[in-house]
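Each chain, written out:
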Amino acid sequence: VGVFVRPIEKINSVIETYPKGIAGFRRYTELLDTEPDIADRAGAVTASGLKGDIKYRGVSFGYGDGKPVLRDIDLTIRAGETIAFVGPSGAGKTTICSLLPRFYEVSAGRISIDGIDIRDMTLASLRGQIGIVQQDVFLFGGSIRENIAYGRLGASDDAIADAARRAQLDGMISGLPAGYDTIIGERGVKLSGGQKQRLAIARMFLKNPPILILDEATSALDTETEREIQKSLAELAEGRTTLVIAHRLATIRGADRIVVVSESGVVEQGSHSELIRAGGIYRRLHDAQHLVSSR
Ligand code: ADP
Ligand code: MG
């Protein structure tokens, strides 16, 4: 395995310190499936009830400025598995995840879910099978009910309440002046960072996708709130194929598999204990982790 040649100094930290919101992700949450630049193939199938067996085969990608970001990536993610992507900022973790909902198209290779090339699925149905939670939660100035229902337009009040309960948002809602009808945003009640995260989680419980992408952030949440949110996210991830762009050691340790990404691509993968035993890059990052282990 000649991939461990990259000097360790190049990998500043296993945990990205300054996660950026992803333009594509944000666009996604704001516009749902309105995406003019990617057309469905003739005969594209409607993806529904996917198990979430994901395969990247020989995937290469660049953003069009000529600089290749991903080169010949192979990655197999089994249905129900939780994968934590770790590596330095700029390594390509977000890019790898952005290709799955086709915010960008691969330049070579293919990505399949349950054996079907994602380019052979309609874009809207593919994205209907993938939920995304990131730090930047898109809220609009409507009621809290409408904001949760954004996860699945047309959801019943019962389904909305159930999602809120599972995201442990119900206690907060019952404390609001008009409950679910309370207007939030600039003209209404301002939500805390933790409440916004819970709202995003409630949306995902409502959407109930088989595949989840969590762009975890070292957000401004206090430790206690963060621990609580982590619990809800773990519940949300239960039974789904989950790709986490991981910043927190607890997430990394708890993942079924850790994928270490560096500028040279996927350099190591395995469980925490496997990677520690292997004594490679992850081990060295881990041993140096006292520098950043406050998260
Ligand atoms: P990570 O998530 O590991 O920090 P990214 O996937 O965000 O890495 O970035 C990988 C590389 O692609 C970086 O060099 C970054 O500058 C570049 N990049 C990311 N997004 C874009 C974009 N929208 N346009 C051009 N380059 C980008
Ligand atoms: Mg990133």
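That block above? That's the structure.
Sequence order as written defines the numbering, with residues in each chain counted from 1. For naming, the first written chain is A and the first written ligand is 1, with later ones following in the order written. It should be noted that, the model being predicted, local features are given only for residues of pLDDT at least 70 and side-chain atom pairs only at 80 or more, the latter also being counted only at that level, while totals for whole chains, interfaces and linings use all residues. Heavy atoms from the whole structure form the basis of all side-chain values; hydrogens and water molecules are not counted.

Engineer: Would you explain the overall build of the protein chain in this entry?
Structural biologist: The secondary structure content of the protein chain amounts to 11 helices and 10 strands. Buried means the residue's accessible area, taken with a 1.4 Å probe over protein chains only, is under 20% of the maximum for its type, while exposed means over 50%, and partly exposed covers the values in between. For the protein chain, the proportion of its 295 residues judged to be buried stands at 51%. Residue pairs at least 24 apart in sequence account for 74% of intrachain contacts in the protein chain once pairs closer than 6 positions are excluded. Counting from the N terminus, the helices are DSSP H or I runs at least four residues long and the strands are E runs at least two residues long. Two residues qualify as a contact provided that any one of their heavy atoms is within 4.5 Å of a heavy atom in the partner residue.

Engineer: Sorry if this is basic, but what is going on with the packing of helix 7 (residues 193–207) against helix 8 (residues 223–237) here?
Structural biologist: Geometry of a packed helix pair, given as the angle between the helix axes and the separation of the axes. Interaxial angle, 0 to 180 degrees, is taken between N-to-C directions of lines fitted to C-alpha atoms, where a helix line uses only the stretch in contact. It is the contact of helix 7 with helix 8, at a shortest axis distance of 11 Å, that shows an interaxial angle of 5°. One way to sum up the angle between helix 7 and helix 8 is to call them roughly parallel. From helix 7, Gly194, Gln197, Arg198, Ile201, Met204 and Phe205 reach across to helix 8, where they touch Thr225, Glu228, Ile229, Ser232, Leu233, Glu235 and Leu236. Gly is put with the polar residues, along with every residue not named as nonpolar or charged; the nonpolar set is Ala, Val, Leu, Ile, Met, Phe, Trp, Tyr, Cys and Pro, and the charged set is Asp, Glu, Lys and Arg. Along the lines of polarity and charge, the residues of the contact of helix 7 with helix 8 split into 6 nonpolar, 4 polar and 3 charged. The cut-offs work like this: below 35 degrees is roughly parallel, past 145 is roughly antiparallel, 65 to 115 is roughly perpendicular, and the gaps in between are oblique.

Engineer: Please clarify how the packing of helix 5 (residues 157–166) against helix 7 should be interpreted in this entry.
Structural biologist: The geometry of helix 5 relative to helix 7 is characterised by a closest axis approach of 8 Å and an angle of 125° between their N-to-C directions. When the axis of helix 5 is compared with that of helix 7, the two are oblique. Remark: the crossing between helix 5 and helix 7 carries right-handed chirality. On helix 7, the residues touching Ala159, Ile160, Ala163, Ala164 and Arg166 of helix 5 are Ala202, Phe205 and Leu206. Across the contact of helix 5 with helix 7, the residue classes break down as 7 nonpolar, no polar and 1 charged. It is the rotation of the near helix from the far one that decides the hand of a crossing: anticlockwise by less than a right angle makes it left-handed, clockwise makes it right-handed.

Engineer: Mind showing me how you'd approach the side chain of threonine 182 here?
Structural biologist: Inspection of the secondary structure puts threonine 182 in the loop between helix 6 (170–174) and helix 7. With relative accessibility at 4%, the residue threonine 182 sits in the buried group. Filtering out sequence-adjacent residues up to four positions away, threonine 182 remains in contact with Gly142, Ser143, Ile144, Leu176, Pro177 and Val189.

Engineer: Looking at this model, I keep getting lost on the site of ligand 1. Mind explaining?
Structural biologist: Only heavy atoms are used to decide nearness, and a residue is near a molecule or strand if one of them lies within 4 Å of it. Near ligand 1, the surroundings consist of 13 residues, among which Lys67, Gly90, Lys93, Thr94 and Thr95 are the closest. Under the rule applied, a polar contact is a pair of N or O atoms within 3.5 Å (in protein, one hydrogen donor and one hydrogen acceptor; residues adjacent in sequence only if both atoms are side-chain atoms). In the environment of ligand 1, an oxygen atom lies 2.6 Å from a nitrogen or oxygen atom belonging to the backbone of glycine 90. Take glycine 92: an N or O atom from its main chain is 2.9 Å from an oxygen atom of ligand 1. Shrake-Rupley sampling with a 1.4 Å probe provides the accessible areas, and residues are treated as covered by the protein chains on show and by no other component. Protein contacts shield 69% of the accessible area of ligand 1, which totals 560 Å² for the unbound molecule. If you tally residues by element for the shell around ligand 1, the top one is helix 2 (residues 93–98), at 3 residues.

Engineer: Hey, could you run me through the sheet that holds strand 2 (residues 68–77) in this one?
Structural biologist: Within a sheet, neighbouring strands are paired by backbone hydrogen bonds and run either parallel or antiparallel to one another. At least two DSSP bridges between two strands are needed for those strands to be called paired. Taken together, 4 strands build an open sheet; the order of strands is 2-1-4-5 and the sheet is antiparallel. Where the open sheet ends on each side, the last strands, each with one partner, are strand 2 and strand 5 (116–117). Strand direction decides the pairing type here: strand 4 (residues 108–113) and strand 5, joined by 2 bridges, are antiparallel. From the neighbouring strand, serine 112 faces strand 5, where its bridge partner is aspartate 117.

Engineer: Before we go on, may I ask you to explain the sheet that holds strand 3 (residues 82–86) in this structure?
Structural biologist: Taken in spatial order, the 6 strands make up an open sheet running 6-7-8-3-9-10, and their pairing is mixed. Edge positions in the sheet fall to strand 6 (130–134) and strand 10 (265–270), since each of these pairs with one other strand and no more. Across the sheet, the mean angle from the axis of one strand to that of its neighbour is 20°, orientation sign disregarded. Bridge count between strand 9 (residues 257–262) and strand 10: 5 bridges; the pairing is antiparallel. By the bridge assignment for strand 10, valine 259 is matched with glutamine 269. Its contacts with the sheet place helix 7 against strand 6 and strand 7 (211–215), and it is angled at close to 175° to strand 6.

Engineer: Explain unusual backbone geometry here, please?
Structural biologist: Most peptide bonds take the trans form, and the phi angle of most residues other than glycine is negative. Phi at arginine 102 takes a positive value of approximately 60°, unusual for a residue other than glycine. With respect to the secondary-structure elements, arginine 102 resides in the loop between helix 2 and strand 4. By relative accessible area, which is 2% here, arginine 102 ends up buried. One non-glycine residue, aspartate 114, lies in positive phi territory at about 50°. On the secondary structure map, aspartate 114 appears in the loop between strand 4 and strand 5.

Engineer: Honestly, the pattern of salt bridges in this entry has me stumped. Any pointers?
Structural biologist: A side chain of one charge can pair with a side chain of the opposite charge when the charged atoms of the two come close. We define a salt bridge as a side-chain nitrogen of Lys or Arg found within 4 Å of a carboxyl oxygen belonging to Asp or Glu. Inspection of every chain in the model, using the stated rule, returns 16 salt bridges. With its nearest N and O atoms 3.9 Å apart, the salt bridge here joins aspartate 162 to arginine 166. Of this pair, aspartate 162 and arginine 166 both sit in helix 5, 4 residues apart, which is roughly one turn of the helix. Shared partners join several salt bridges into a network, and the residues in it are Arg78, Glu81 and Arg257.

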